[in-house]
Amino acid sequence: MNAMNLLVGRSSAPQLTEPAPDAGSLEQMFAAALRAPDHARLTPWRFLTIAGDARHALGELFVRAAEARSDTPLDAAAREKLLAQPLRAPLLVVVIASLRDHPKVPAEEQLLSAGCAAHALLLAAEAQGFAGIWRTGPNATDPVVKAGLGLTADEHIVSFMYLGTRARPAKPSPQHPPERFVQTWRGEPA
C-alpha cells in the first residue's frame, strides 16, 4: 500500500470481526508505534493487549466503574451495553501514556507523543490490511478502570484501540480542503 494513500484514505472502522492482527502483525504495529516523535527518548507510553476471555473481564471492569460513578444501580440494558463494549473487536490495545518528570519535556508533550504512538499503531494496522477505531469515553479517565488495568498515578489511558477486520466496507470519509485549515503567518498577529 502506498504510504500517501494510507495516510489520506484511513478511516475508522466501528464494526470489526476476526481475524485480529496475529503476533507478527502486532510486532510490526508496535515497531511502528515505537517510532513516534519522542523528545529526549523517554518512550512515554506502554501498551496492554486484551483478547479472548480477557475482553469479558474488561467488560466486568467497565460495569464496576460505572456502578462506582453512579448514585443508582445500573439497569439491565446499561449493564449489558458495558459488558458488550470490549466484544466489538477481537483485539483491544490499550495505549497508555507513562509520564515522567523531565526538565525539558513537559507532561503535555509526552501525552501528545503517546497519542502519536497510538496513531502510528492504527496506521500500521491499516497498512497490513486490518482496521480499527480509537475509542475513549468515560472509562479512559475512570480511576476504577485505571486501577483495574494496573496503571500508576503518572499514567493515563490515551486510547482503547479496537482492532480486527472490517465487518463492512469502509464508508467514504469527507475530504477536507487543506486551505480551510492552513494559514501562513507573516510575522504579525492575524
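One can find the structure itself at the top, above this paragraph.
Below is a short write-up of the structure.

Thresholds applied
- Each chain carries its own residue numbering, running from 1 in the written order of its sequence.
- It should be noted that, the model being predicted, local features are given only for residues of pLDDT at least 70 and side-chain atom pairs only at 80 or more, the latter also being counted only at that level, while totals for whole chains, interfaces and linings use all residues.
- Remark: hydrogens and water are excluded; side-chain values derive from all non-hydrogen atoms of the structure.
- Going along the chain from the N terminus, every DSSP run of H or I of four or more residues is numbered as a helix, and every run of E of two or more is numbered as a strand.
- Between buried and exposed lies partly exposed: a residue is buried under 20% and exposed over 50% of the maximum accessible area for its type, with that area taken using a 1.4 Å probe on protein chains only.
- Throughout, a residue-residue contact means that at least one pair of heavy atoms, one from each residue, lies within 4.5 Å.
- We count a salt bridge whenever a side-chain nitrogen from Lys or Arg sits within 4 Å of a carboxyl oxygen from Asp or Glu.
- What we call a nonpolar core is a set of buried Ala, Val, Leu, Ile, Met, Phe, Trp, Tyr and Cys residues that are connected through their side-chain atoms within 4.5 Å.
- Axis definition: a line fitted to C-alpha atoms, limited for helices to the stretch in contact. Angles are taken between N-to-C directions and run from 0 to 180 degrees.
- Any angle from 65 to 115 degrees is called roughly perpendicular, while one under 35 is roughly parallel, one over 145 is roughly antiparallel, and all others are oblique.
- We call a crossing left-handed when the near helix sits turned anticlockwise from the far one by less than a right angle, and right-handed when that turn is clockwise.
- Gly falls in the polar group here, along with every residue not listed as nonpolar (Ala, Val, Leu, Ile, Met, Phe, Trp, Tyr, Cys, Pro) or charged (Asp, Glu, Lys, Arg).

A tally of regular secondary structure across the chain gives six helices and five strands. C-alpha atoms of the chain, sized along the principal axes, occupy 60 × 45 × 35 Å. Looking at the chain residue by residue over its 190 residues, the buried ones come to 39%. Put simply, of all contacts in the chain between residues at least 6 apart along the chain, 80% involve residues at least 24 apart.

Looking at the secondary structure, you find Ala-117 in helix 5 (residues 107-127). Ala-117 sits in the buried class, given a relative accessible area of 0%. Each C-alpha atom of the pair Ala-117 and Val-95 lies 8.1 Å from the other, and the pair is 22 residues apart in sequence. If sequence neighbours within four positions are ignored, Ala-117 has contacts with Ala-33, Ala-36, Trp-45 and Phe-47.

For the rest of this paragraph, the subject is the pattern of salt bridges. If you walk through the whole model with that rule in mind, you get five salt bridges. The partner of Arg-79 in a salt bridge is Glu-60, with the nearest N and O atoms 3.8 Å apart. Residue Arg-79 is located in helix 4 (residues 76-84), and its partner Glu-60 is located in helix 3 (residues 54-69); the two are separated by 19 residues in the primary sequence. A salt bridge links Arg-166 to Glu-126; the nearest nitrogen and oxygen atoms lie 3.3 Å apart. Taken together, the positions of Arg-166 in strand 5 (residues 155-166) and Glu-126 in helix 5 put the pair 40 residues apart, joining distant regions of the chain. By relative accessible area, Arg-166 is classed as partly exposed at 24%. When its relative accessible area of 11% is taken as the criterion, Glu-126 is described as buried. Within this structure, Glu-60, Glu-67 and Arg-79 form a network of salt bridges that share partners.

As a further point, take the nonpolar core. Judged by nonpolar contacts, the single largest core of 24 residues is most densely connected at Val-145, Leu-149, Ile-157, Phe-160 and Tyr-162. Elements represented by at least two residues in this core include exactly helix 3, helix 4, strand 3 (91-98), strand 4 (131-135) and strand 5. Considering every element that reaches this core, the biggest residue donor is helix 3, with six residues. If near-sequence neighbours (up to four positions away) are discounted, Phe-160 is found in contact with Phe-62, Val-93, Val-94, Ile-133, Trp-134, Arg-135, Thr-136, Asn-139, Ala-140, Val-145 and Leu-149. Of all hydrophobic cores here, the second largest spans 23 residues; its members include Leu-26, Phe-30, Leu-91 and Ala-97.

With that out of the way, let us pick up the packing of helix 3 against helix 4. For the pair helix 3 and helix 4, the least separation of the axes is 7 Å and the interaxial angle reads 135°. The orientation of helix 3 relative to helix 4 falls into the category oblique. As helix 3 packs across helix 4, the resulting crossing turns out to be right-handed. From helix 3, Gly-59, Glu-60, Phe-62, Val-63, Ala-66 and Glu-67 reach across to helix 4, where they touch Arg-79, Leu-82 and Leu-83. Broken down by class, the residue content of the contact of helix 3 with helix 4 amounts to five nonpolar, one polar and three charged.

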